[in-house]
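# Understanding the architecture of this molecule
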Amino acid sequence: MQYRRIRDLREDMDLTQTDVAKILFISQRTYSYYESGGHDIPTEVLVRLADFFGVSVDYLLNRTDKKEVNK
């Protein structure tokens, strides 16, 4: 699975892969694998990404087009 929305959100914020990798405390290479679908993203990383970008995990996984987080 390719995580295009994660890349799009990152680019919308003018961040590099290295910027986001530092926020997640992972290497840029690992983050690159996540974006390209080379590795599945662990649940805790998905949650951190969703929180950082202010969207739902379902949005990141293309399960919905609504960015809003359910509260």
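Read on for an overview of the structure. (Residues numbered from 1 in each chain as written. Predicted model: local features only at pLDDT ≥ 70, side-chain atom pairs only at ≥ 80, totals over all residues. Heavy atoms only, no water.)

### Considering the environment of Ile-6
Looking at the secondary structure, you find Ile-6 in helix H1 (residues 4-12). For Ile-6, a relative accessible area of 1% gives the class buried. Sequence separation of Ile-6 and Gly-38 is 32 residues, and the distance between their C-alpha atoms is 14 Å. Apart from residues lying up to four places away in sequence, Ile-6 is in contact with Tyr-31, Glu-35, Ile-41, Leu-49, Phe-53 and Leu-60. (Helix = DSSP H or I, 4+ residues; strand = E, 2+ residues; numbered from the N terminus. Buried < 20%, exposed > 50% of the residue type's maximum accessible area, 1.4 Å probe, protein only. Contact = heavy atoms within 4.5 Å.)

### So, a nonpolar patch on the surface
Judged by side-chain polarity, Met-13, Ile-23 and Phe-52 come together as a nonpolar surface patch covering roughly 240 Å² of accessible area. With respect to the secondary-structure elements, Ile-23 resides in helix H2 (residues 17-24). The exposure class assigned to Ile-23 is partly exposed, which follows from its relative accessible area of 36%. (Patch = residues over 30% accessible without salt bridge, like charges linked within 9 Å, V, L, I, M, F, W, Y side chains within 5 Å. Areas by Shrake-Rupley, 256 points an atom, 1.4 Å probe, with all protein chains shown as cover. Salt bridge = Lys/Arg side-chain N within 4 Å of Asp/Glu carboxyl O.)

Functional significance is not addressed by these values, which are geometric in nature.
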